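Summary of structural features
Here is how the chains run, residue by residue.
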Amino acid sequence: RAYAPGRGSSLVMAAAGTAGTSAATKSPQVSARVLATDEPCIVKTKQLMAAHPGALSLAQGIVHWQPPPSALQAAAAAIASNPSVSGYGPADGLPALREALRAKVAARNGLEHYDIMVTAGANQAFTNVVLALCDASDRVVLFTPYYFNHLMAIQMSGGGDNVVYGKCDSHTLHPDLDWLEAQLSGPAPPRMVVLVNPCNPTGVLLTPAEVARASQLCAKAGAWLVLDNTYEDFAYDDGAAHACAAGPHVINLFSFSKAYGMMGWRVGYIAYPTYGSSSGLGAQLLKVQDTIPICPTQLSQVVALEALQSGGQYV
């Protein structure tokens, strides 16, 4: 008796203990894409720490506070009185949270005519963007040192061999935008440029002029600019302010994990343009969203909305 699971599978399993029979077996293989994807360094670090009690890790940017108390109270109230939080919600996020985030990115980040997609953290937001904007053959710029999960998302989607590693100044660690200009002006310009601001892992905060120049260079070359703003509240330089860029070619990513202490609640969001050449981008992002999480967790969004509305002073 044999079992061949899945259409087109080469795996054949012979029933054990059948006298006088021998069946050839073949081992199924994992994908070349996942084999080409780096091991997650944070997972390895946690394993090392578990094996060596008392060890300290400087590998992960985490905070050690809870969400605002009123946000946790809102979660408890929703569990007690709103059974719908256990069901599927809107694919792109709760309307109230999306409305509040549209107001936030317009007032604070200068992103007019942008819409919001809520995701299960900023990592999922980046994965949505890679799948929606890039093919495996497209060149993507990451500046070194880069955020390791960004590289992993590109590798996992088949594009690891086409990552172009950008240079940073050896003293200031700011990205070399002259190098970027040369890349974008070449015969095969990258499809997408990724900047993390402030940078993970260096903590470097880009100046508004640097952000604006990167945006202008990408616009001229017809390339996407993806700005990961997970650490927008962590600007320590005297008088320095975090800056975003806007345009039909600019995607901005954000997270509730750090400033609001919501790492385990997994809430991030994509701010994407709704005008010009990007007017249909939301429908393409929804294809990815519906395939991966179906919808962001409703209870987590209840916490995020209350944190956003009441947590400004808390942050």
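Anyway, here's the lowdown on the structure attached to this text. The model shown is predicted, which means the values in this text are computed figures rather than measured ones. (Residues numbered from 1 in each chain as written. Predicted model: local features only at pLDDT ≥ 70, side-chain atom pairs only at ≥ 80, totals over all residues. Heavy atoms only, no water.)

Structural notes on the sheet that holds strand β5 (residues 163-166)
Strand order in the open sheet formed by seven strands is β3-β9-β8-β7-β6-β4-β5, and the pairing between neighbours is mixed. Each edge of the open sheet is held by one strand with a lone partner, namely β3 (114-119) and β5. Taking the axes of each pair of neighbouring strands and ignoring which way they run, one obtains an average angle of 20 degrees across the sheet. Looking at chain direction, strand β8 (residues 250-255) and strand β9 (residues 268-273) are connected through four bridges and run antiparallel. Paired with Ser255 across the two strands is Gly268, which belongs to β9. Relative to β3, helix α4 (residues 95-107) is tilted by about 130 degrees, and along the sheet it contacts β3, β8 and β9. (Pairing = 2+ DSSP bridges. Helix = DSSP H or I, 4+ residues; strand = E, 2+ residues; numbered from the N terminus. Axes fitted to C-alpha atoms, helices over the stretch in contact; angles between N-to-C directions. Contact = heavy atoms within 4.5 Å.)

Re empty space enclosed by the protein
Going through the model one piece at a time under the given rule, you end up with one cavity of 30 Å³ or more. Its boundaries defined by the atoms lining it, the largest cavity holds a volume of some 160 Å³. Around the largest cavity, the lining is made up of 17 residues, and of these Phe143, Pro145, Leu195, Val196 and Cys199 lie nearest the centre. Going through the elements one at a time, β4 (140-143) and β6 (192-196) are the ones with two or more residues in the lining of the largest cavity. Here the lining of the largest cavity is composed, by residue class, of 14 nonpolar, three polar and no charged. (1 Å grid on protein atoms, 1.4 Å probe; cavity = no way out; pocket = protein on both sides within 12 Å on 5 of 7 lines; lining within 4 Å. Points joined across faces, edges and corners; volume = space filled by probe spheres on them. Nonpolar A, V, L, I, M, F, W, Y, C, P; charged D, E, K, R; others polar.)

Points about the packing of aromatic side chains
Taken as a whole and assessed by the stated rule, the structure comprises eight aromatic pairs. Seen in terms of ring centroids, Tyr147 and Phe148 are 5.3 Å apart; in terms of plane orientation they differ by 70 degrees. Their pairing is edge-to-face. Taken as a pair, Tyr147 and Phe148 share a single burial class, namely buried. Seen from their ring centres, Phe256 and Tyr260 are 5.4 Å apart, and the 35 degrees between their planes marks the pair as tilted. Three or more aromatic residues joined by ring pairs form one cluster here, namely Phe254, Phe256, Tyr260 and Tyr269. Across the ring face of Phe254, the terminal group of Lys104 is positioned such that the distance to the ring centre comes to 4.1 Å. (Phe/Tyr/Trp six-rings, centres within 6.5 Å; stacked < 30°, edge-to-face > 60°. Buried < 20%, exposed > 50% of the residue type's maximum accessible area, 1.4 Å probe, protein only. Lys NZ or Arg CZ within 6 Å of the ring centre and 35° of its normal.)

A closer look at the nonpolar core
Within the largest apolar cluster, 51 residues are counted, with the highest numbers of intra-cluster contacts made by Leu97, Leu101, Leu180, Val193, Leu225, Phe256 and Met262. Sorting elements by how many residues they give to this core places helix α10 (residues 298-310) first, with six residues. Apart from the residues lying within four places of it in its own chain, the contact partners of Val193 are Val141, Phe143, Leu180, Leu184, Cys218, Trp224, Leu225 and Val226. In terms of nonpolar packing, the next biggest core, distinct from the first, is built from 23 residues, Phe126, Val130, Cys134 and Tyr272 among them. (Core = buried A, V, L, I, M, F, W, Y, C linked by side-chain atoms within 4.5 Å.)

As for the pairing of β6
Among the five residues in β6, five count as buried, and that is most of the element. Side chains Met192, Val194 and Val196 of β6 all project onto a buried face; the interleaved residues Val193 and Leu195 project onto the opposite face, where all are buried too. In terms of strand pairing, β6 meets strand β7 (residues 224-228) through five bridges, oriented parallel. Among the inter-strand pairings, Val196 is bridged to a residue of β7, identified as Asp228. This β-α-β element, β6 to helix α8 (residues 208-221) to β7, shows right-handed connectivity. (Right-handed = clockwise from strand over helix to strand, strands pointing away.)

Considerations on the layout of surface pockets
Within this model, the largest pocket holds a volume of roughly 970 Å³. Looking at the lining of the largest pocket, the elements that each hand over two or more residues are α2 (41-51), α5 (122-133) and α6 (148-156). Tallied by class, residues from the lining of the largest pocket come to 22 nonpolar, 13 polar and five charged. Counted as a void, the second largest pocket has a volume near 180 Å³. Ala120, Asn123, Gln124, Phe126, Thr127, Asn149, His150, Met152, Ala153, Met156 and Arg266 together form the lining of the second largest pocket. Contributing elements (two or more residues each) for the lining of the second largest pocket: α5 and α6. The biggest single contributor to the lining of the second largest pocket is α6, with five residues. Residues belonging to the lining of the second largest pocket are distributed by class as follows: five nonpolar, five polar and one charged.

A look at the packing of α4 against α10
The N-to-C vectors of α4 and α10 enclose an angle of 35 degrees; their axes lie 10 Å apart at closest approach. The element α4 and its partner α10 pack so that their crossing is left-handed. Between α4 and α10, the residues in contact are Ala96, Leu97, Ala100, Leu101 and Lys104 and Gln301, Ala304, Leu305 and Leu308, respectively. For the contact of α4 with α10, a count of residues per class yields seven nonpolar, one polar and one charged. (Left-handed = near helix turned anticlockwise from the far one by under 90°.)

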